[in-house]
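Observations on chain architecture
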Amino acid sequence: MATTSLNVNGRTVSVTIDDPDIPLLYVLRNELGLHGPRFGCGLGQCGACTVHVDGTAVRSCVTPLSSVSGRVVTLEGLGTEVKPHPLQTAFVEEQAVQCGYCINGMIMQSADLLARRPKPSEQQVKTALANNLCRCGTHLRIVRAVMRAAASS
Amino acid sequence: MNKTIDRRTLLKASGALIVAFSLPLDRTTAKKANSTVSADRVDGFLAIAPDGAVTVYSGKVDLGTGVQTALAQIVAEELDVPLGSVTIIQGDTALTPDQGVTSGSFSIQNGGMQLRRAAATARQALLRSAARRLQCEISTLTMRNGMIAAASGEHLSIGSLAEAASLALEIEDTAPEKPPAEYTLVGKPVRRLDIPGKVHARFTFMQDFDLPGMLHGRVVRPSGFGAELISYDPSSIANIPGIVQVVRIKNFLGIVAQSEWSAIRAAQQLKVTWSNWQGLPEQSKLWEHVRSTPVVRDDVTSRIGSSRTALEAAPRKLQASYDFAIHTHGSIGPSCAVARFGHGKLTCWTASQATHSLRKQLAATLSVADEDVRCIYVEGAGCYGRNGHEDAASDAALLARAVGKPVRVQWMRANEHGWDPKGPPTLVDLRAGIDAQHDVVAWESELFVPDGAAGMVALTGADLAGLDSLGTLNPGGVLNDLAIPYAIPNLTTTAHRLGSTPLRPAWIRSPGRLQNTFANESFLDEIAASLSVDPLDIRLRYLTDARGKELLERLARLSNWRKRPMPDRNSDVSIGRGLAYVKYELVRTYVGVVAEVEVNRKTGVLAAKRFYVAHDCGQIINPDGLRNQIEGCILQTVSRTLKEEVTFDRSMVTSLDWASYPILTFPETPEVVIDLIDRPQEVPWGGGEPTCAVVPSAIAGAVFEATGVRVRSVPFTPAKMLAALRAT
């Protein structure tokens, strides 16, 4: 057992773990009760688990806790209903959800894109989301939502 | 691992709202107002609290389609209450009526209409009660915004009337329903109730559901579908902390641990020896295998005239065979369930699309009475049919019984891709006869599909444990749409029902309708081409249904079909257009699509560029929700048509992740242009499936227009496309 500290959503927390290589995803979900990041594949293939580490989108299901030294932000920390991130507002406006299981990854990946490239083209949005899978076929709405968020900020 | 931090502290710190964890448990409280689960009674479906809050008890569940918002619209409309006052309880066997499996695009058509009749009956009871209290005629009363007002201006809230106007009533099929002209909610693009919670991470998916003292389970599946467990070595996981128990029941093997990560590690690390089972056919000979599988029964789904005589006499004959690969559901969230077993009773939280039948299955598995099992629906990731959720429930039930504590089972990706039931391989042979006047005079089809329909699919965990789960062979309603909507004077459509199929089958979105429509519409295109008739014109020629013809004319205008440019079939990259039509199951929703596809002759890559859709499902409840479903039908079926195929060796599925079973990605998505035909005076039909059915044949038609090549085998991979191009 070892205790390690972590900066999550602007707050330093400590967690006790028995395996330093535990993927960040399980620490966030089970130790910290953060359900934005979701388990989809555990292989870094689908993007449902995406969080930010120092502002960059990473796949938390294949990120060992031991490798994380930066600031972690989850969907809960990106924005709130009182003070939503423009992407969260835009996803509601465009009704860009079917089942919604992938949406965490769509928003977190797009937030990374918009931070680097505030006014992307539609093609750039699609390329940025190329490794985020949606099974319901909500892609068109998701792209529209990202374009709307870009236009609004 | 220890939980060393208060999760609420952290959530508060990050500003998130907490509504989450206890929500599905609180449903017991809601039950107080609801004394029956009868589908014949108003109080089976509805309760009205003194404060006017309306609780809807729905046996149909939201599988990620947003249908709960549409159901709330229907009830709020009929009761004249604000949408915000309606709460929906879904798929709880202790609370909600059994409305059958949530599948087949029936949630609004059947489930919603049961709710509408219940609400209409309730409305009359409330009005009768108000008339007594206000001492006036019912006809003079008006209902608005949860209030009933008399002409005098006196008014009562429906909450104040609910007790006196008992809802313990039989549902009256004749209760007057609100005239569509007066609708204020139905037909409006009301925003979905669940989306804010989903974009703000406060929605509790099945995969998030948590109980106090809950343990984490993982299953260790055999190396082959029929492999026997020879031995396992507990010492191989001795270094992993927090292992509660390795549970073995015959060939069922699972691990229960204190923490999720320990359960995952142990399931990966446990040394297990399985027998070498190699009972699957060779994948490269799948279609020979299907053709040689013993037929247990022939179902003739339609017969007119004598197709055999007409075919023999016809001067010109056409024939073609179409095959459609095995598909997996591919839910982005692998199946998950939580079970608690104690004192002979099981409670199971599940994302099953059929909690009432799952309850019977789990009762059989555990040898307890149905009454001793309660299944409670918690929405999971989109499931698109009978995927692994029921199996995960059986895994959780077996593990929870073994350890006597609540257990959460979360399938890993390989469990889902490997072990969810599959859409069976489907083969259709078609023949047509054309007479001297260029008329189609004969049509014969032979479909090869597993026997059975939509029913209870055996639970894998129970099967492995050698326990009963009431399962039979059930591929879904795969005979639908083998019969055709076209008036051909002699036709016979026959389904050869196979006694087995290589992988455990079940239904996946638009089961049978998709495969049969692909074959039928593609073959009609082949006939049209042989007659030098345009694909639109041949459909208009043989359709007798005025509503279907109107839809096709609207589709033609939407897509500018008659003025489309003809491609240069010799260029390296050419764009073609294809058209397809379905009247779903020949009795409901009409859909027509035009697909625009770009074919690269050098690489064999097909790119779906644009779809035009004309859609008529009668009365539309929520046009934006419907568009969302139609877009989803198109994109998911483009994925299935162009890319998807389950692969297997002689033992097991080998496409166990997203690299080996790729699906459509963002750069590959087509544009979708939709024309919704709303018919408020008609009954509402479904919209979650029908559009799927027309996608593969429209793409195939577009490929033909672009290249002159027919593709008859789904998926249309670059390798198949190149082979077809080279053969011309």
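Computed from a predicted model, the values in this text were never measured in an experiment.

Calculation notes
Residues numbered from 1 in each chain as written. Chains lettered and ligands numbered in written order. Predicted model: local features only at pLDDT ≥ 70, side-chain atom pairs only at ≥ 80, totals over all residues. Helix = DSSP H or I, 4+ residues; strand = E, 2+ residues; numbered from the N terminus. Buried ≥ 20, exposed ≤ 12 C-beta atoms within 10 Å, placed from the backbone. Contact = placed C-beta atoms within 7 Å. Domains from an automatic or database assignment. Nonpolar A, V, L, I, M, F, W, Y, C, P; charged D, E, K, R; others polar. Core = buried A, V, L, I, M, F, W, Y, C linked by C-beta atoms within 7 Å. Pairing = 2+ DSSP bridges. Axes fitted to C-alpha atoms, helices over the stretch in contact; angles between N-to-C directions. pLDDT = per-residue confidence, 0-100. Right-handed = clockwise from strand over helix to strand, strands pointing away.

When its secondary structure is counted, chain B shows 20 helices and 25 strands. Looking at chain B residue by residue over its 728 residues, the buried ones come to 56%. The long-range fraction of contacts in chain B, counting pairs at least 24 apart against all pairs at least 6 apart in sequence, stands at 78%.

All names here are of chain B. Segmenting chain B into domains produces domain 1 (16–179), domain 2 (207–276 + 329–419) and domain 3 (534–727). The straight-line distance from the C-alpha centre of domain 1 to that of domain 3 is 39 Å. Facing the 12 residues of domain 1 at the interface are 12 residues of domain 3. Of all the secondary-structure elements, those providing two or more residues to the side of domain 1 that touches domain 3 are α4 (67–79) and α5 (107–134). When residues of the side of domain 1 that touches domain 3 are assigned to their parent elements, the largest contribution, 4 residues, is made by α4. Taken together, the residues that form the side of domain 1 that touches domain 3 break down as 4 nonpolar, 8 polar and no charged.

With that out of the way, let us pick up the domain arrangement of chain A. Residues and elements named next belong to chain A. The domains assigned to chain A are domain 1 (2–77) and domain 2 (79–152). Here domain 1 and domain 2 have C-alpha centroids that lie 21 Å from each other. Contact with domain 1, which involves 14 residues of that partner, is made by 12 residues of domain 2. Elements supplying a minimum of two residues to the side of domain 1 that touches domain 2: β3 (50–53) and β4 (56–59).

Below, the discussion takes up the nonpolar core. Nonpolar side chains in soluble globular proteins tend to be buried together. All names here are of chain B. V56 and A396 are the most contacted members of the largest nonpolar core, which totals 269 residues. Considering every element that reaches this core, the biggest residue donor is helix α19 (residues 690–707), with 11 residues. The residues contacting V56, other than those within four sequence positions of it, are F45, L46, L71, A72, V75, V86, I88, I89 and L115.

One key point about sheets: their strands pair by backbone hydrogen bonds, in either a parallel or an antiparallel sense. Residues and elements named next belong to chain B. Reading across from one edge, β4-β5-β6 is the order of the 3 strands in this open sheet, with antiparallel pairing throughout. With partners counted over all chains shown, the strands left at the sheet margins are β4 (142–144) and β6 (155–157), one partner each. The mean inter-strand angle of the sheet, taken between neighbouring strand axes irrespective of direction, is 20 degrees.

Once that is clear, we can look at unusual backbone geometry. Residue and element names in this part refer to chain B. Following V714, the chain continues into P715 via a peptide bond in cis, with omega recorded as 5 degrees. The residue P715 is located in the loop between β25 (713–714) and α20 (718–727) in this model. A positive phi angle is found at D80, which is not glycine, with a value near 55 degrees. Inspection of the secondary structure assignment puts D80 in the loop between α4 and β3 (86–90). Within the chain, S532 stands out as a residue other than glycine whose phi angle is a positive 55 degrees. We classify S532 as exposed; it has 7 C-beta atoms within 10 Å.

Here we take up the confidence of the model for chain B. All names here are of chain B. Looking at chain B as a whole, its pLDDT mean stands at 94, while 95% of the residues score no less than 70. Every residue in residues 1–32 is under pLDDT 50, and counting partners more than four places away or in other chains gives 62 contacts. Both scores are given for the predicted complex: the pTM is 0.96, the ipTM 0.98.

Attention now moves to the sheet that holds strand β15 (residues 345–350) of chain B. Residues and elements named next belong to chain B. A sheet is described by the order of its strands in space; here 7 strands give the open sequence β9-β10-β7-β17-β14-β15-β16, paired in mixed fashion. The sheet terminates laterally at β9 (243–249) and β16 (373–377), the two strands that pair on one side only. The sheet shows a mean angle of 20 degrees between the axes of neighbouring strands, direction not considered. Bridging between strand β7 (residues 215–219) and strand β17 (residues 407–410) involves 3 bridges; their strand directions are parallel. Within β17, the position partnered with L215 by the bridge is V407. Sheet contacts for helix α11 (residues 355–366): β15 and β16; angle to β16, the most-contacted strand, approximately 145 degrees. The sheet contacts of helix α12 (residues 389–403) involve β7, β9, β10 (252–257), β14 (336–342), β15 and β17, and relative to β14 the element is tilted by about 35 degrees.

For the rest of this paragraph, the subject is the interface of chain B and chain A. The interface of chain B with chain A comprises 56 residues on the first partner and 58 residues on the second. Looking at the side of chain B that touches chain A, the elements that each hand over two or more residues are α1 (7–13), α7 (195–199), α8 (260–269) and α18 (623–642) of chain B. Looking at the side of chain B that touches chain A, the element that brings in the most residues is α18(B), giving 7 residues. Here the residues of the side of chain B that touches chain A sort into 26 nonpolar, 19 polar and 11 charged.

Glancing now at the pairing of strand β24 (residues 671–676) of chain B. All names here are of chain B. Relative to β24, strand β23 (residues 606–616) runs parallel, the two being bridged by 6 bridges. Looking at β24, one finds that A614 is bridged to D675. In this view, the connection linking β23 to its parallel neighbour β24 by way of α18 has right-handed handedness.

Here the focus is α19(B). The buried fraction of α19(B) amounts to 18 of the 18 residues, a majority that puts the element mostly inside the structure. In the segment just after α19(B), G708(B) is the residue with positive phi, at about 80 degrees.

Let us now look at the pairing of β15(B). Residues and elements named next belong to chain B. Counting buried positions over the 6 residues of β15 gives 5, a clear majority of the element. Examined bridge by bridge, β14 and β15 share 6 bridges and lie antiparallel to one another. Within the sheet, the bridge partner assigned to F341 lies in β15 and is L346. Between β14 and β15, which follow one another and run antiparallel, lie 2 residues, and H343 among them has a positive phi close to 50 degrees. Two strands pair when backbone bridges link them, and β15 and β16 are joined in this way by 5 bridges, in the parallel orientation. Bridge pairing in β16 places C348 opposite C375. Crossover connection from β15 via α11 to parallel β16: handedness right-handed.

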